[in-house]
Amino acid sequence: MNINTDFMFRVWDVVNKCYVDSKQNILVIDSNGYLLINDMPVDDDKYIIEKCTGYKCVDGNYIYVNDYVEWKLGLKMVKAKVVYEHFCFWVYWLMSTDS
């Protein structure tokens, strides 16, 4: 089954410091870009929408904006944060360590 990841997202609750459970709540981004939870508008300052990159990590889970990823580059392990800027996904290099 092919999944269109263009519209996949998850929502971080800033106040409770956890992801909003999409199995218990209906999450919608309306045509104006506002987040609705169970058809109710929410305070944008209390939630962060994280877009899916469409890529999966080695364990099969999708990678989203604000995730941290690691990979081996030569003899070093590289750690970076996934961001979405200028209509592209990027990784901001955080650190590298000897493997």
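See the structure printed just above.
Reading guide: rules and limits
- Residues numbered from 1 in each chain as written.
- Predicted model: local features only at pLDDT ≥ 70, side-chain atom pairs only at ≥ 80, totals over all residues.
- Heavy atoms only, no water.
- Pairing = 2+ DSSP bridges.
- Helix = DSSP H or I, 4+ residues; strand = E, 2+ residues; numbered from the N terminus.
- Phe/Tyr/Trp six-rings, centres within 6.5 Å; stacked < 30°, edge-to-face > 60°.
- Buried < 20%, exposed > 50% of the residue type's maximum accessible area, 1.4 Å probe, protein only.
- Polar contact = N/O pair within 3.5 Å; in protein donor to acceptor, adjacent residues only side chain to side chain.
- Contact = heavy atoms within 4.5 Å.

A. Region of interest: the pairing of strand 9 (residues 76-85). The pairing of strand 8 (residues 68-73) with strand 9 spans 6 bridges and is classified as antiparallel. The residue of strand 9 that forms the bridge with Lys 72 is Met 77. In textbook terms, the turn of a hairpin is the stretch between consecutive antiparallel strands, and for strand 8 and strand 9 this stretch comprises 2 residues, one of which, Gly 74, has a positive phi near 65°.

B. Examining the packing of aromatic side chains more closely. Scanning the entire structure with this criterion turns up 2 aromatic pairs. The interplanar angle of 75° and the centroid separation of 4.8 Å between the aromatic rings of Trp 12 and Tyr 19 together place this pair among those described as edge-to-face. A relative accessible area of 25% places Trp 12 in the partly exposed class. Classification of Tyr 19 as partly exposed rests on a relative accessible area of 37%. For the pair Tyr 84 and Phe 89, a centre-to-centre distance of 4.8 Å together with 55° between the ring planes defines the contact as tilted.

C. Broad picture of the side chain of Arg 10. Among the secondary structure elements, Arg 10 is positioned in strand 1 (residues 9-13). In this structure the side chain of Arg 10 is engaged in a polar contact, spanning 3.1 Å, whose partner is the side chain of Tyr 19. Polar side-chain contacts of Arg 10 include one of 2.6 Å to the side chain of Glu 50. Look past the residues within four positions of Arg 10 in its chain and what remains in contact with it is Tyr 19, Ile 48, Ile 49, Glu 50, Tyr 64, Val 65 and Asp 67.

D. Geometry of the pairing of strand 6 (residues 47-56). Sheet topology note: the strand 1/strand 6 ladder contains 5 bridges and is antiparallel. The residue of strand 6 that forms the bridge with Arg 10 is Glu 50. As judged from the 2 bridges shared by strand 6 and strand 7 (residues 62-64), these two strands associate in the antiparallel manner. The residue bridging Lys 56 from the neighbouring strand is Tyr 62, located in strand 7. Between strand 6 and strand 7, which follow one another and run antiparallel, lie 5 residues, and Gly 60 among them has a positive phi close to 90°.

Note that all results are geometric; they support no functional claim without further evidence.
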